[in-house]
Amino acid sequence: MKRLTMTLLAALVMAPTITMAADSASADFTPAQQAAIGKIASDYLLAHPEILVQVGQKLQAQQADQQQQQTQAAVLENAKALVSDPATPSYGPKDAKVAFVEFFDYQCLYCSHMAPLVEQTVKANPNVRFVFKEWPIFGDRWKESITAAETGMAIWKEKGSQAYFDYHNSIYRTGHDEGKLTNADIAGAVKAAKATTPTAAQLKATHEAIASNDQLARTLGFSGTPGFIVMPTHGATSENTTVLPGAVSADDLQAAIVKAQGGK
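Residues numbered from 1 in each chain as written. Predicted model: local features only at pLDDT ≥ 70, side-chain atom pairs only at ≥ 80, totals over all residues. Heavy atoms only, no water.

K.L.:
Looking at this model, I keep getting lost on the overall build of the protein chain. Mind explaining?
P.N.:
Across its full length, the protein chain carries twelve helices and five strands. Counting only residues that meet the buried cut, the protein chain has 41% of its 264 residues in that class. Of all intrachain contacts in the protein chain linking residues separated by at least 6 positions in sequence, the fraction that spans at least 24 positions is 76%. Summed over all atoms, the accessible surface of the protein chain reaches about 14,500 Å², with 56% contributed by carbon and sulfur. (Helix = DSSP H or I, 4+ residues; strand = E, 2+ residues; numbered from the N terminus. Buried < 20%, exposed > 50% of the residue type's maximum accessible area, 1.4 Å probe, protein only. Contact = heavy atoms within 4.5 Å. Areas by Shrake-Rupley, 256 points an atom, 1.4 Å probe, with all protein chains shown as cover.)

Listed below in structure tokens is the structure:
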């Protein structure tokens, strides 16, 4: 009896289409037999609830793998928007063979934790172009999230990559995330970048680019920040492109760069 129960459970977990399996079983068993089999399976699951946990974990793993594949495909389809958008701040050689793309929000706790690792990775990889996709997803909650993003974009347009990178790092060095960032912090970062406070018109001019970042992030399937993509600027494939949704280690970031460069 136990062996029959385990066989049925395995069929439920592994069968590609449960509905088809059930229809097939209906043709082979009488209603009374089907009811008996159902009771056996039910009793076994009640006695061994850990089976349901295992099934749930397997389903989550399958869904995560499917989402990863979908995101990977979307990344390759949108490679140009990721690595060659002139409206997006970047730091590093324009002719770099590898691009490191980050979607982030200045008020994101995990982005804040990742910032020193990203800065470390930038310094360790002078031949890589780092692309910063401002994505202020917490703007509805904290206005400074949007203000900081707009200001950064305006500085990039007005003063270039070094000023933007200095501003970007200065914001994160305040350690003020999750609603703690202030307008005074933003002003201090502008000063650190040796830039001037953008005008209202300059801030407004960034809205289209920020909206494009939002649309792109959603197209890729990102549900939050940070999100990292490391890929060759030309000839990107699923084998040399890495997508890292969420906070990761410095080793993970470096491994993704090595992979994009053709290493193993």
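Continuing now.
K.L.:
Would you mind showing me how to read the nonpolar core here?
P.N.:
If you look at soluble globular proteins, the nonpolar side chains tend to sit buried side by side. Residues F100, Y106 and Y167 are the most contacted members of the largest nonpolar core, which totals 36 residues. Mapped by element, the contributors of at least two residues to this core are β2 (98–104), α6 (109–124), β3 (128–134), α7 (143–159), α8 (161–173), α9 (183–192), β4 (227–232) and α12 (250–260). Here this core takes six residues from α8, the largest share from any one element. Sequence-distant contacts of Y106, defined by excluding residues within four places in its chain, comprise E134, A148, A149, Y164, Y167, H168, I171, Y172, H176, D177 and L181. With 16 residues, the next largest nonpolar core counts V131, A217, L220 and V243 among its residues. (Core = buried A, V, L, I, M, F, W, Y, C linked by side-chain atoms within 4.5 Å.)

K.L.:
Whenever I open this one, the side chain of S90 confuses me. Can you help?
P.N.:
Along the chain, S90 turns up in strand β1 (residues 90–91). Taking the relative accessible area as the measure of exposure, S90 reaches 16% and is therefore buried. Not counting chain neighbours up to four residues away, the residues in contact with S90 comprise R129, F130, V131, W156 and S161.

K.L.:
Would you explain the state of the cysteines in this entry?
P.N.:
Working definition: the covalent bond between the sulfur atoms of two cysteines is a disulfide. Summed over all chains, the structure comprises zero disulfides. C111 supplies the cysteine sulfur nearest to C108, a cysteine that is in no disulfide, at a spacing of 3.0 Å. (Disulfide = S-S within 2.5 Å.)

K.L.:
Honestly, the pattern of salt bridges in this entry has me stumped. Any pointers?
P.N.:
It is possible for side chains bearing opposite charge to pair when their charged atoms get close. For the coordinates displayed, the defined rule picks out five salt bridges. A salt bridge links D85 to K133, with the shortest nitrogen-to-oxygen separation between them at 3.7 Å. Taken together, the residues D85 in the loop between α5 (79–83) and β1 and K133 in strand β3 connect sequence positions 48 residues apart. Residue class for D85 comes out partly exposed when judged on its relative accessible area of 25%. What makes K133 buried here is its relative accessible area of 1%. As a salt-bridge pair, E119 and R173 come within 2.5 Å of each other at their nearest N and O atoms. You can see E119 sitting in helix α6 and its partner R173 sitting in helix α8, a full 54 residues away along the chain. Residue E119 is classed as buried on the basis of its relative accessible area of 13%. Residue class for R173 comes out exposed when judged on its relative accessible area of 56%. (Salt bridge = Lys/Arg side-chain N within 4 Å of Asp/Glu carboxyl O.)

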